[in-house]
Amino acid sequence: AVVSTQSTGTPFGIGSTLDILKSPIDPRVHEHEFEALGPGADGKITGTQAKVPMQESKLPSSTLKRIWNLGDIDKDGKLDVREFAIIKRLIDLKLDGHELPVTVPKAWMESLDFEEARR
């Protein structure tokens, strides 16, 4: 039997990571989980609060550190709901067998309306 190595358009085919990186993120998908973590008056959760849901992924600490560094857009050591949504997307990306991007994709930044996306 001949096995085709061409992309079949399945999630396992070539280009699927690119499709994910170009897909917008809706932070409302993670809003309930985020609110359950008890954000402070500033609307953010701390690294300590984010640690448990991140560790539930069972990803290695080194990978979770990279995910945190990518997702904490303003580098304040806390996450707002948009940053939390990015972290959840990055965890899902990694759990699905994809490599992490070097930077947060512009499509994600734009869909979450970050100022940084307009630069």
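Residues numbered from 1 in each chain as written. Predicted model: local features only at pLDDT ≥ 70, side-chain atom pairs only at ≥ 80, totals over all residues. Heavy atoms only, no water.

Given two aromatic rings, their pairing is described by the distance between the two centres and the angle made by the two planes. Enumeration over the complete set of coordinates arrives at 1 aromatic pair. Relative to phenylalanine 84, the ring of phenylalanine 34 lies with its centre 5.6 Å away and its plane at 55°, an arrangement referred to as tilted. In this pair, phenylalanine 34 is assigned in helix H2 (residues 31-36) and phenylalanine 84 in helix H5 (residues 81-95), connecting sequence segments 50 residues apart. By relative accessible area, which is 1% here, phenylalanine 84 ends up buried. Stacked on the ring of phenylalanine 114, the Lys or Arg arginine 82 has its end atom at 3.9 Å from the ring centre. (Phe/Tyr/Trp six-rings, centres within 6.5 Å; stacked < 30°, edge-to-face > 60°. Helix = DSSP H or I, 4+ residues; strand = E, 2+ residues; numbered from the N terminus. Buried < 20%, exposed > 50% of the residue type's maximum accessible area, 1.4 Å probe, protein only. Lys NZ or Arg CZ within 6 Å of the ring centre and 35° of its normal.)

Empty space within the largest pocket amounts to approximately 160 Å³. When contributions to the lining of the largest pocket are tallied by element, the ones reaching two or more residues are helix H3 (47-55) and helix H4 (61-71). Split by residue class, the lining of the largest pocket holds 3 nonpolar, 3 polar and 2 charged. (1 Å grid on protein atoms, 1.4 Å probe; cavity = no way out; pocket = protein on both sides within 12 Å on 5 of 7 lines; lining within 4 Å. Points joined across faces, edges and corners; volume = space filled by probe spheres on them. Nonpolar A, V, L, I, M, F, W, Y, C, P; charged D, E, K, R; others polar.)

Take the packing of H4 against H5 next. Packing of H4 against H5 brings their axes to within 9 Å, and their N-to-C directions diverge by 145°. The interaxial crossing formed by H4 with H5 has right-handed handedness. Facing Thr63, Leu64, Ile67, Trp68, Leu70 and Gly71 of H4, the residues of H5 in contact are Glu83, Ile86, Ile87, Leu90, Ile91 and Lys94. Looking at side-chain class alone, the contact of H4 with H5 contains 8 nonpolar, 2 polar and 2 charged residues. (Axes fitted to C-alpha atoms, helices over the stretch in contact; angles between N-to-C directions. Left-handed = near helix turned anticlockwise from the far one by under 90°. Contact = heavy atoms within 4.5 Å.)

Moving on to the nonpolar core. Within soluble globular proteins, side chains that are nonpolar tend to cluster in buried spots. Core analysis: the largest hydrophobic core is formed by 27 residues, its most contacted members being Met54, Ile67, Ile86 and Leu90. Where this core is concerned, the elements lending two or more residues are H3, H4, H5 and helix H6 (106-111). Once residues lying within four places of it in the same chain are set aside, the contact partners of leucine 90 are Ile67, Leu70, Gly71, Leu100, Pro101 and Trp108. (Core = buried A, V, L, I, M, F, W, Y, C linked by side-chain atoms within 4.5 Å.)

Turning to the pattern of salt bridges, a few remarks are in order. Throughout the structure, instances matching the rule amount to 8 salt bridges. Residue arginine 82 pairs with aspartate 80 through a salt bridge whose shortest N-O separation is 3.2 Å. Residue classification places arginine 82 among the partly exposed residues on the basis of a relative accessible area of 25%. Aspartate 80 sits in the buried class, given a relative accessible area of 14%. (Salt bridge = Lys/Arg side-chain N within 4 Å of Asp/Glu carboxyl O.)

These results come straight from atomic positions and should not be treated as a statement about function.
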